[in-house]
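Residue-level structure breakdown
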Amino acid sequence: MTLESFPLSVTDFQIGDGTRGNSTLICVPIMAESVDQMLLQMRKAKELGGDIVEVRVDFLKNFSPRQDLDILIKQAPLPTLVTFRPRWEGGQYDGDESKRQEALRLAMELGADYIDVELKVAHDFFNSLPGERPEHVKIIVSSHNYERTPSVEELGDLVARIQATGADIVKIATTALDIIDNVRIFQVLVHAQVPMIGLVMGERGLMSRILAAKFGGFLTFGSLEAGVVSAPGQPTIKELLDLYNMRNIGPDTKVYGIIGNPISHSKSPHLYNAAFKSTGFNGLYLPLLVDNVSKFITTYSSPDFAGYSYTIPHKEAGLKCCDEVDPIAKAIGAINCMIRRSTDGKLVGYNVDYLGAIAAIEEGLRVSNGATPASGSPLAGKIFVIIGAGGAGKALAYGGYEKRARVVVVNRTYDKAKELASKVGGQALTLAELNDFYPEEGMILVNTTSVGMEPRIDGTPVSKEALKRYSLVFDAVYTPKLTRLLREAQESGATIVYGTEMLINQAYAQFEMFTGLPAPKQLFRDVMARHT
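Source: prediction; values computed, not measured.

On to helix α7 (residues 206-215). The buried fraction of α7 is high, at 10 of 10 residues. Residues of α7 that are buried include every one of Leu-206, Met-207, Ser-208, Arg-209, Ile-210, Leu-211, Ala-212, Ala-213, Lys-214 and Phe-215, and no others. In the stretch just after α7, Gly-216 is the one whose phi turns positive, near 95 degrees.

Following this line, the structure appears as structure tokens:
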């Protein structure tokens, strides 16, 4: 099942008031233990730009329905959605069911704008309503699956069952075991005949919470602060509005992203979304936690999914999914950028990693040597030691070879090092041999592995003693910015080059390939400085 067979058009959506690209509301869960704390959180939700607050009364200690609901509903600065979630549906309430439903009926009477009723009890709840229900209140009937995401057919049946209860709004929340699970919710959202909330929980479901605005979701949830969430994988309201520019997302917005595993550390969404916004480009850039690249690419085959960056460990797998590969990327054996060509939909792979890294290393050498670009590459003739023989290692080996450096490839397994070294006329070493490798002073060291990356920041691929032999050390890891390797290299007297320099340099190239526009270079640098 793919998105290719479900073409999207503007007519599938109700667009807001013209100043926004979509009509999807941002709902902020309010989960405090007292009424006063809830009112404070509601005011904060309004300040941050929320549209509606979900009042989770199951979190209240000593809940007194008539008194508390009257205050919460009447003093709320935003429209209210009252939810009294029982433990059997993932909430906190573990008491008498009739009292729970009575509190929801009371919320309707007191002027709540929305209430949430679970599908399991929806028929009973509707039957308990006395006569005509108040016109101002909309009833959301919800179903939560904390184990998986059912098939499109099963989801369609579920929507029909929820509609049959008399629901004003359908809510389905499922769990992502794989990022491809999101597509099933998107397909159901696009074809829903009634207002629908469709979300996929967990880190692999993050895209559903942001793309709800593209595919016509009635609302999405944004928490007040990171980690304090009402469901797994929830972004903050600040991330929805400031990082993902959610108000600007529309049905025609092109989707880009960075494919990797892990991916939550990536700064790329900060860079590209800020650049898209500043240049007026109608695009969105997401972190994509992908387990299987081939399955992901096959599933998201719609032209709306227009291009990707690739990071560890998927740069080589990405190459295999391309219809065409740039000769440089083919020589390297890995890509870090994939574009869906608009003329024929073919996926074209590129590798601009080496451009970004080599430019940063050359600049570092020139600054330390006082050389000028006119004097040729300062890498020429230098021993260029690369740790790692994966996608980034291959890119740097190729880049060093192109600049006429003497390449040495270091890897845990000698065979992999030898295979890469032979392609660039270089030498191969095992990692165990690196500390004793000392043919000359003034060598250049490049780490392309994840050693030293958050959360394992105490790691380093080489001893501090060995670093005295190098004039410059570059680390492709950029979280943290100053890795242990770079810190110890600096203490040993070497010039250091941060991984952020490689990221920024290659981001210029990728942005221009994604958009056809000149990269806002100073903006990239400003954003990176704020986030490292």
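What follows is about the packing of helix α1 (residues 35-48) against helix α2 (residues 65-75). Relative to each other, α1 and α2 sit at 15 degrees, their axes nearing to 10 Å. When the axes of α1 and α2 are compared, the pair comes out roughly parallel. At the point where α1 passes α2, the crossing takes the right-handed sense. Of the residues in α2, those touching α1 at Val-35, Met-38, Leu-39 and Met-42 are Asp-68, Ile-71, Leu-72 and Gln-75. Classifying every residue of the contact of α1 with α2 gives 6 nonpolar, 1 polar and 1 charged.

Here the focus is the environment of Gly-250. Mapped onto the elements, Gly-250 comes out in the loop between α8 (237-243) and β9 (254-260). The buried category is assigned to Gly-250, whose relative accessible area is 9%.

The subject of this paragraph is the nonpolar core. Core analysis: the largest hydrophobic core is formed by 94 residues, its most contacted members being Ile-115 and Tyr-308. The residues touching Tyr-308, leaving out its near neighbours within four places in the chain, are Gly-257, Ile-259, Leu-288, Phe-296, Ile-297, Tyr-300, Asn-336, Cys-337, Met-338, Gln-510 and Phe-514. Judged by nonpolar contacts, the second largest core, of 31 residues, contains Val-409, Leu-472, Phe-474 and Met-502.

A few words on the packing of aromatic side chains. Each aromatic ring pair is summarised here by two numbers: the centre-to-centre distance and the angle between the ring planes. Tallied over the entire structure, the rule returns 21 aromatic pairs. Relative to Phe-511, the ring of Phe-276 has its centre 6.0 Å away and its plane inclined at 35 degrees; by these criteria the two rings are tilted. Within this pair, whereas Phe-276 is found in helix α9 (residues 268-279), its partner Phe-511 is found in helix α18 (residues 499-515), the two being separated by 235 residues in sequence. Of the aromatic side chains, those joined through ring pairs into one cluster are Tyr-256, Tyr-272, Phe-276, Phe-281, Tyr-285, Tyr-508, Phe-511, Phe-514 and Phe-524. In this structure, Arg-469 packs its charged tip against the face of Tyr-438, placed 4.7 Å from the ring centre. In this arrangement the basic side chain of Lys-481 is found over the ring face of Tyr-498, its NZ or CZ atom lying 4.7 Å from the centre.

When their charged atoms lie close together, side chains carrying opposite charge are able to pair. Scanning all chains against the criterion turns up 27 salt bridges. Here Arg-56 makes a salt bridge to Asp-58, at a shortest N to O gap of 2.9 Å. You'll find Arg-56 and Asp-58 in the same group, each marked buried. The salt bridge involving Glu-118 is made with Arg-100; its shortest N-O contact spans 2.8 Å.

A word on the packing of α9 against α18. For the pair α9 and α18, the least separation of the axes is 11 Å and the interaxial angle reads 45 degrees. Classified by the interaxial angle, the pair formed by α9 and α18 is oblique. By crossing handedness, the relation of α9 to α18 is classed as right-handed. For the pair formed by α9 and α18, the contact residues are Ser-268, Leu-271, Tyr-272, Ala-275, Phe-276 and Thr-279 on the first element and Leu-503, Gln-506, Ala-507, Gln-510, Phe-511, Phe-514 and Thr-515 on the second.

So, about the sheet that holds strand β6 (residues 169-175). An order of β7-β6-β5-β4-β3-β2-β1-β8 is seen for the 8 strands of this open sheet, with the pairing classed as parallel. Edge positions in the open sheet fall to β7 (196-201) and β8 (219-221), since each of these has one partner strand only. Averaged over neighbouring strand pairs, the angle between their axes works out to 25 degrees when direction is ignored. As paired elements, strand β5 (residues 138-144) and β6 share 5 bridges and run parallel to each other. Each bridged residue has a counterpart across the sheet, and for Val-141 the counterpart in β6 is Val-170. Sitting on the sheet, α1 is in contact with β1 (25-30) and β2 (52-56), with an inclination near 160 degrees to β2.

In this section: the confidence of the model for the protein chain. With 96% of its residues at a pLDDT of 70 or more, the protein chain shows a mean pLDDT of 93. Here residues 5-18 is modelled with pLDDT under 50, and outside its nearest four sequence neighbours on either side it reaches 23 contacts, counting other chains as well.

Turning our eyes to something else, we now look at the layout of surface pockets. The method is simple in principle: a probe with the dimensions of a water molecule rolls over the atoms, and the space it marks as empty is what remains. Each pocket or cavity is described by its volume, and for the largest pocket that value is around 540 Å³. In terms of lining, the largest pocket is formed by 32 residues, of which the most central are His-265, Thr-311, Ile-312, Met-453 and Tyr-478. By residue number, the principal contributor to the lining of the largest pocket is α18, which donates 5 residues. The class makeup of the residues in the lining of the largest pocket is 14 nonpolar, 14 polar and 4 charged. In this structure, the second largest pocket spans a volume of roughly 470 Å³.

Residue Pro-262 follows Asn-261 across a cis peptide bond; omega there is 10 degrees. Relative to the helices and strands, Pro-262 is located in the loop between β9 and α9. Looking along the chain, the bond that leaves Ile-312 and enters Pro-313 is cis, with omega of 5 degrees. Mapped onto the fold, Pro-313 is located in the loop between β11 (305-310) and α11 (315-320). A positive phi angle is found at Asn-62, which is not glycine, with a value near 55 degrees. For Asn-62, the location among the structural elements is in the loop between β2 and α2. In this structure, Asn-245 takes a positive phi of about 50 degrees despite not being glycine. Here Asn-245 is to be found in the loop between α8 and β9. By relative accessible area, Asn-245 is classed as buried at 9%.

About the thresholds
Residues numbered from 1 in each chain as written. Predicted model: local features only at pLDDT ≥ 70, side-chain atom pairs only at ≥ 80, totals over all residues. Heavy atoms only, no water. Buried < 20%, exposed > 50% of the residue type's maximum accessible area, 1.4 Å probe, protein only. Helix = DSSP H or I, 4+ residues; strand = E, 2+ residues; numbered from the N terminus. Axes fitted to C-alpha atoms, helices over the stretch in contact; angles between N-to-C directions. Parallel < 35°, antiparallel > 145°, perpendicular 65-115°, else oblique. Left-handed = near helix turned anticlockwise from the far one by under 90°. Contact = heavy atoms within 4.5 Å. Nonpolar A, V, L, I, M, F, W, Y, C, P; charged D, E, K, R; others polar. Core = buried A, V, L, I, M, F, W, Y, C linked by side-chain atoms within 4.5 Å. Phe/Tyr/Trp six-rings, centres within 6.5 Å; stacked < 30°, edge-to-face > 60°. Lys NZ or Arg CZ within 6 Å of the ring centre and 35° of its normal. Salt bridge = Lys/Arg side-chain N within 4 Å of Asp/Glu carboxyl O. Pairing = 2+ DSSP bridges. pLDDT = per-residue confidence, 0-100. 1 Å grid on protein atoms, 1.4 Å probe; cavity = no way out; pocket = protein on both sides within 12 Å on 5 of 7 lines; lining within 4 Å. Points joined across faces, edges and corners; volume = space filled by probe spheres on them.

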